[in-house]
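This is what each chain is made of:
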Amino acid sequence: MLKATEVFKINGFPEHSYVDRAETKIEQQLTDAFDIENSVVSVSGPSKSGKTVLISKIVGTDNLITIPGSAIRQPSDVWRTVLAWMGAPSEISTGKEQVFSGAVDVSGGGEIGVPLVAKGKVEGSVTGAASRSNSTTGVLQLDPMTQVVREIGKSDFVVFIDDFHYIPRDLQEQVAKEIKSLAEQGVKICTASVPHRADDVVRNNPELRGRLAVVNLAYWSSEDLKNIAKTGFSSLNMDVDGTVVAKLSREALGSPQLMQALCLNLCLELNHREKKSDPTNIAASSDQLESVLLRSSVFSDYSSLVENLHSGPRQRGTQRKTFPFSDGSEGDVYRCVLLAIAADPASQQIRYDEFLKRVRTVCVEDEPVGSSVSESLRQLATLTEKSVPQTAILEWDEDVLNVVEPYFLFYLRCSDKLANLG
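One structure accompanies this document, and this report is about it. Please read these numbers as outputs of a predicted model, since none were measured by experiment.

1. Some details on helix H5 (residues 144–152)
Line of reasoning, step 1. Every buried residue of H5 is accounted for by Pro144, Met145, Gln147, Val148, Val149 and Ile152.
Line of reasoning, step 2. Contacts made by the buried residues of H5 are with strand E2 (64–68), helix H4 (76–86), strand E5 (158–162) and helix H6 (169–184).
Line of reasoning, step 3. Where H5 terminates, the next one or two residues include Lys154, which has phi positive at roughly 60 degrees.

2. Overview of the pattern of salt bridges
Line of reasoning, step 1. Enumeration over the complete set of coordinates arrives at 15 salt bridges.
Line of reasoning, step 2. For the salt bridge of Lys177 with Glu173, the shortest nitrogen-to-oxygen distance reads 3.5 Å. Within this pair, Lys177 and its partner Glu173 are both found in helix H6, separated by four residues, close to a single helical turn.
Line of reasoning, step 3. The class for Lys177 is partly exposed, based on a relative accessible area of 41%.
Line of reasoning, step 4. One salt bridge connects Lys226 with Glu223, and the closest N-O pair in it is separated by 3.3 Å. Of this pair, Lys226 and Glu223 both sit in helix H8 (residues 222–235), three residues apart, which is roughly one turn of the helix.
Line of reasoning, step 5. By relative accessible area, which is 18% here, Lys226 ends up buried.
Line of reasoning, step 6. Residues participating in the shared-partner salt-bridge network are Lys247, Glu251, Asp344 and Arg413.

3. Let's talk about the packing of helix H12 (residues 303–311) against helix H16 (residues 406–414)
Line of reasoning, step 1. Running from N to C, H12 and H16 cross one another at 75 degrees; their axes reach a closest spacing of 11 Å. On the basis of their axis angle, the class for H12 and H16 is roughly perpendicular. Residue-level inspection shows Ser303, Leu305, Val306 and Leu309 of H12 in contact with H16, the latter providing Phe408, Tyr411 and Leu412.
Line of reasoning, step 2. The residue inventory of the contact of H12 with H16, partitioned by class, reads six nonpolar, one polar and no charged.

4. Examining the nonpolar core
Line of reasoning, step 1. Counting residues in each nonpolar core, the largest one holds 73 residues, and the members touching the most others are Phe233, Leu248, Leu266, Ile341, Phe355 and Phe408.
Line of reasoning, step 2. Each residue touching Leu248, except ones within four places of it in the same chain, is listed here: Met259, Leu262, Cys263, Leu266, Leu289 and Val292.

5. Re the sheet that holds strand E1 (residues 40–44)
Backbone-to-backbone hydrogen bonds pair the strands of a sheet. The strands run either parallel or antiparallel.
Line of reasoning, step 1. Strands sit in the order E2-E5-E6-E1-E7 across an open sheet of five strands; the sheet is parallel. The open sheet has two free edges, formed respectively by E2 and strand E7 (212–216), since each of these has just one partner strand. Across the sheet, the axes of successive neighbouring strands diverge by a mean angle of 20 degrees, strand direction being ignored.
Line of reasoning, step 2. When E2 meets E5, the two strands line up parallel, connected through five bridges. Across the sheet, residue Ile65 finds its bridge partner in E5, namely Val159.
Line of reasoning, step 3. Sheet strands in contact with helix H3 (residues 51–59) are E1, E2, E5 and strand E6 (188–193), and its direction is about 180 degrees off that of E5.

6. Things to note about the packing of aromatic side chains
Line of reasoning, step 1. Per the counting criterion, the structure on display carries six aromatic pairs.
Line of reasoning, step 2. Grouped by ring-pair contacts, the aromatic residues Tyr302, Phe408 and Tyr411 constitute a single cluster.

What counts as what
- By convention here, each chain's residues receive numbers from 1 onward along its written sequence.
- Whole-chain, interface and lining totals are the exception, using all residues; otherwise, since this is a predicted model, local features are given only for residues with pLDDT of at least 70 and side-chain atom pairs are given and counted only at 80 or more.
- To obtain the side-chain values, all non-hydrogen atoms of the structure were included, while hydrogens and water were left out.
- When accessible area is computed with a 1.4 Å probe and restricted to protein chains, residues below 20% of their type maximum are described as buried, those above 50% as exposed, and intermediate ones as partly exposed.
- Counting from the N terminus, the helices are DSSP H or I runs at least four residues long and the strands are E runs at least two residues long.
- Residue contacts follow a heavy-atom distance rule, with two residues in contact if any of their heavy atoms lie within 4.5 Å.
- Each reported salt bridge corresponds to a side-chain nitrogen of Lys or Arg within 4 Å of a carboxyl oxygen of Asp or Glu.
- Angles here are taken between N-to-C directions and fall from 0 to 180 degrees, while the axes themselves are lines fitted to C-alpha atoms, restricted in helices to the stretch in contact.
- The labels follow the angle: roughly parallel below 35 degrees, roughly antiparallel above 145, roughly perpendicular from 65 to 115, and oblique for the rest.
- Residue type decides the class: Asp, Glu, Lys and Arg count as charged, Ala, Val, Leu, Ile, Met, Phe, Trp, Tyr, Cys and Pro as nonpolar, and the leftover types, Gly among them, as polar.
- In these notes, a set of buried Ala, Val, Leu, Ile, Met, Phe, Trp, Tyr and Cys residues joined through side-chain atoms within 4.5 Å is what counts as a nonpolar core.
- Strand pairing follows a simple DSSP-based rule, namely that at least 2 bridges must link the two strands.
- Here a pair means two rings of Phe, Tyr or Trp (six-membered ring of Trp) with centres within 6.5 Å. Their orientation is stacked below 30 degrees between planes, edge-to-face above 60, and tilted elsewhere.

Okay, structure coming up:
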């Protein structure tokens, strides 16, 4: 019997709930990019926007050799990982043997000088053949790049370097050069990165300009996310109420991966773990939906980061002013800012004037002044960068707040962490 965990995949290719966003022509763009010989394919898109799933769909999971950028600590890690994936050796043993032989003919007394015969007196005569061998062994290190070309050059296999921007900066240039060299020899290579780091490959090797086939993804529309739910639920013979699907699509924040998690947890919450024998109408109460959101938040545990942001930077001297909030809690400007980020409607990009409106909404009577809010946003962006290096989560440019990581915003809105801190 088909299980809900097989239909809605949080990790892996969602065979039963995959949705082709035909209007964007993304699949065709990526297919065409892989057909261009001796080029490098670069897929750029926001975090959790479905880059890996899309590439898996086009290439085929059996042909995709995935290497996380965060796992690369030296350029050779890329090619050694490819060879390890294929089970190819990185070194071979070598041996060399020399054989010496000769006749022995000794009569009467004398000494035998053949190395294999003990030196001593011999009575009578000895005739025969004696031999010895001299062998040496060693290990020959194989060049990993040459091996990769020999093993998968001109084939359907694709080396997929996910999150290229996570490769240490001092290694990116050399990795980019080797990518170019392998692509020229017929090895298919694809990199993935977030939009604001999409040019890392080219910047580290300008010679790739003109050789890079770029495919840009965007966050999913609400309708596309709803189609994930409809396709998946239909596979399970579940007809879920449209208002429930709409609620889940809003909370998914444009992320197909997050939508998969929400749909799966709805099935688990309602105890619909397997395909129904007959079509079944499904509804969910507001309490059940809240429980689904809470269950889903465990897949994005940002508890330590939220605690750090809630405390704000260390401060000496004057104690921070506290404010009463509409959720019944009270706290300083940093709690105020986090409550404003988490407020309805969910948004990953909030302009400063709109943010001040949110501040007024979450506050009761008194509220922090604009300059204090602006400085707090700057401090939160700095704290986030220090707490989670190399991962863009919050960005503030004095006029717009960007919540780059959808799972962080989801956790802030749907977990009970912020409420407990209050």
